[in-house]
Amino acid sequence: MMEKEWVFVRHGETELYRLGIVQGSGVDTDLNAAGHRQAMLLYRKYGTPPFDLVITSRLKRTHQTVTPFLETGIPWIQTTLIDEISWGEHEGQPGTPEHIARYDAMIRSWARGDLHASLPGGESAHSLIDRVDRFIMDLRSKVEKRILICTHGRTLRCLITRLKGGAPSDME
């Protein structure tokens, strides 16, 4: 069996994140200056040896995070399977105490096994897990040996949990 190396990273910082504004899959924002510095630091640390493939979500904050790698001509795949979860009506909104209470209640529901719980208009853990499982199956079929995967916070938690064989409640 061919040994493979998968490097998973979260995208760099955005101004909305810095301001405490919920992003999710419905808010496609740019990296801020700190996020661009983080992208360069990532490249300096992991750019050599080169990756055989870069995979990102469809959201530009992941694209901008891996731009230094892409500029070297590495093949690139974008997939919605690793987009951030949809936080529904919370997207584009500040993390108010009311929003945080709704989020915490949803996370507690997930921990109790209610994977269909979601924020109003948002995506459930069940839906995210389904997407991530399909991504993992696709990733395992790739022939490339060294792959960089750039995604989002919640999606990354789900990916690592699923790859380790953990329960959905282990995402926290």
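Residues numbered from 1 in each chain as written. Predicted model: local features only at pLDDT ≥ 70, side-chain atom pairs only at ≥ 80, totals over all residues. Heavy atoms only, no water.

## Describing the side chain of Arg131
The test is simple: A run of H or I in DSSP becomes a helix once it reaches four residues, and a run of E becomes a strand once it reaches two; helices and strands are each numbered from the N terminus. Pairs of N or O atoms are called polar contacts if they sit within 3.5 Å, as long as, within protein, a hydrogen donor faces a hydrogen acceptor (for residues adjacent in sequence, only side-chain-to-side-chain pairs). Pairs of residues are marked as contacts when any of their non-hydrogen atoms sit within 4.5 Å.
Its location among the elements puts Arg131 in helix H5 (residues 125–141). Within the structure, the side chain of Arg131 is placed 2.9 Å from the side chain of Glu123, a separation counted as a polar contact. Those residues in contact with Arg131 that sit more than four places away from it in its chain are Thr80, Leu81, Ile82, Asp83, Glu84, Ile85 and Glu123.

## Side note on the pattern of salt bridges
Two side chains carrying opposite charge are able to pair once their charged atoms lie near each other. To keep things clear, this is the line we draw: Every case where a carboxyl oxygen of Asp or Glu lies within 4 Å of a side-chain nitrogen of Lys or Arg is listed as a salt bridge. When a residue's accessible area, from a 1.4 Å probe over protein chains only, is under 20% of the maximum for its type it is buried; when over 50% it is exposed; and in between it is partly exposed.
All chains considered together, the criterion is met by nine salt bridges. In this structure, the salt-bridge partner of Glu98 is Arg102, at a minimum N-O distance of 3.2 Å. Linking Glu98 with Arg102, this pair stays in helix H4 (residues 97–111), spanning four residues, or about one helical turn. Classification of Arg102 by relative accessible area gives partly exposed; the value is 33%. Residue Glu123 is joined to Arg131 by a salt bridge in which the shortest nitrogen-to-oxygen separation is 2.9 Å.

## Observations concerning the nonpolar core
Test applied: We define the nonpolar core as a collection of buried residues of types Ala, Val, Leu, Ile, Met, Phe, Trp, Tyr and Cys that are connected through side-chain atoms lying within 4.5 Å of one another.
Of all hydrophobic cores here, the largest spans 26 residues; its most connected members are Ile55, Met106, Trp110, Phe135, Leu139, Ile149 and Leu159. Among the secondary structure elements, those contributing two or more residues to this core are strand S2 (53–56), H4, H5, strand S4 (146–151) and helix H6 (153–163). Residue contributions to this core peak at seven residues, all from H5. The contacts of Ile55, once residues within four sequence positions are left out, are Ile77, Thr79, Ile82, Phe135, Leu139, Lys142, Ile147, Leu148, Ile149 and Cys150.

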